[in-house]
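# Coordinate analysis (summary)
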Amino acid sequence: MSNPYVNFSVSEHVGTIEFYHPSHNSLPSDLLKKLQNAILDADKDPGVKVIVLKSGGDRTFCAGASFDELKQIQTPEEGLAFFSGFANVINAMRRCSKFILVRAQGKAVGGGVGILAAADYCVATQHASIKLSELSIGIGPFVIAPAIERKIGVGALSQLSMDCKNFYSAEWCLGKGLYSECFEDVKDMDHTLEKLAKSLSSYHTDAMASMKRALWSGTEHWDNLLIERAKTSGELVLSETTKNFLNKF
């Protein structure tokens, strides 16, 4: 695999969305937009009853924001537009009427952790450690913080945000509630994920949609909140500190 993609397929009422980027599954703006649209398409598809979201490859789930694109941001407006991509993906997952199961085969950093947190159910391997590195480059995990806090609480979010140079293990994530289940290898993870998706695809659609609305109750203000947070990140990315950090890569 060499070319970035977002693919959407349907089999036996299970919609599978897979994204890939050769740079550790990082997410530039165009890929974020395609991912958002794939989630919206799956939500509207009457043949889909449950969604599986995963990334390609066998190592990294998602490296977060594209550093190459971050380097090119020159104005607050461009910064807002870029970070709004993550806001739009998380809000699409939140508003989707169907349960979204996320599969993490490996490490996640920054925005990738936000996608894991926005899952309705997340399965992972023991290799799926996480890191929020944003403070170390002069910004912060502002856009994804509400989703992460909702899953693991403000204390654990604070720990991840400030201890921004270290990875936290999949076991830690399981204990905090970010991961629903954790497995030694991909084979066992995929077997369990397939069974869960198959079970959910047999359940009453309206009941699942109502359950999802109940689970996400109290997040209705995120449409505005996440865009406000994207504006903050978009301004901070223009700082001399952040520019100097990014120019090292």
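A brief structural summary. (Residues numbered from 1 in each chain as written. Predicted model: local features only at pLDDT ≥ 70, side-chain atom pairs only at ≥ 80, totals over all residues. Heavy atoms only, no water.)

### Looking at the packing of aromatic side chains
Note the cut-off: Here the aromatic set is Phe, Tyr and Trp, taking the six-membered ring for Trp, and pairing holds for ring centres within 6.5 Å; pairs whose planes are under 30 degrees apart are stacked, those over 60 apart are edge-to-face, and all others are tilted. Residue exposure (1.4 Å probe, protein chains only): buried if accessible area is under 20% of the type maximum, exposed if over 50%, otherwise partly exposed. In this scheme, the term charge over a ring applies when either NZ of a lysine or CZ of an arginine sits within 6 Å of the ring centre and within 35 degrees of the ring normal.
Across all of its chains, the model carries seven aromatic pairs by this definition. Residues Trp-216 and Trp-222 carry aromatic rings whose centres are separated by 5.8 Å and whose planes lie at 85° to one another, so their mutual orientation is edge-to-face. Under the relative-accessibility criterion, Trp-216 is labelled buried at 3%. Every member of this aromatic cluster is reached through a ring pair, and the members are Phe-82, Phe-83 and Phe-86. The cationic tip of Lys-107 hangs over the ring face of Phe-167; the distance from NZ or CZ to the ring centre is 4.4 Å.

### Observations regarding unusual backbone geometry
To keep it simple, the criterion reads: A helix here means a DSSP run of H or I that spans at least four residues, while a strand means a run of E at least two residues long, and both kinds are numbered starting from the N terminus.
Of note in the backbone geometry, His-24 takes a positive phi value of approximately 55° without being a glycine. Of note, His-24 is situated in the loop between β2 (14-20) and α1 (29-44). Residue class for His-24 comes out exposed when judged on its relative accessible area of 53%. A positive phi is found at Asn-25, a non-glycine position, where the angle reads about 55°. Residue placement: Asn-25 occurs in the loop between β2 and α1.

### Here we look at the sheet that holds strand β4 (residues 100-104)
The pairing of strands in a sheet happens through backbone hydrogen bonds and is either parallel or antiparallel. Where we set the bar: Should DSSP find at least two bridges between two strands, the strands are regarded as paired. Structural elements are reduced to axes, namely lines fitted to C-alpha atoms, with helices fitted over the stretch in contact, and the angle between N-to-C directions of any two is expressed from 0 to 180 degrees. Working rule for contacts: check all heavy atoms of both residues, and any pair within 4.5 Å makes them a contact.
Strand order in the open sheet formed by six strands is β1-β2-β3-β4-β6-β8, and the pairing between neighbours is mixed. Whereas interior strands pair on both sides, the edge strands pair on one side only; in this sheet they are β1 (5-11) and β8 (181-183). Within the sheet, the average angular offset between the axes of one strand and its neighbour, ignoring direction, is 20°. Bridge count for β4 against strand β6 (residues 121-125) is four bridges, and the pairing is parallel. Paired with Leu-101 across the strands is Tyr-121, a residue of β6. The strands touched by α1 are β1, β2, β3 (50-55) and β4; relative to β1, the strand with the most contacts, the crossing angle is about 15°.

Everything listed is a geometric property; what it means functionally is a separate question.
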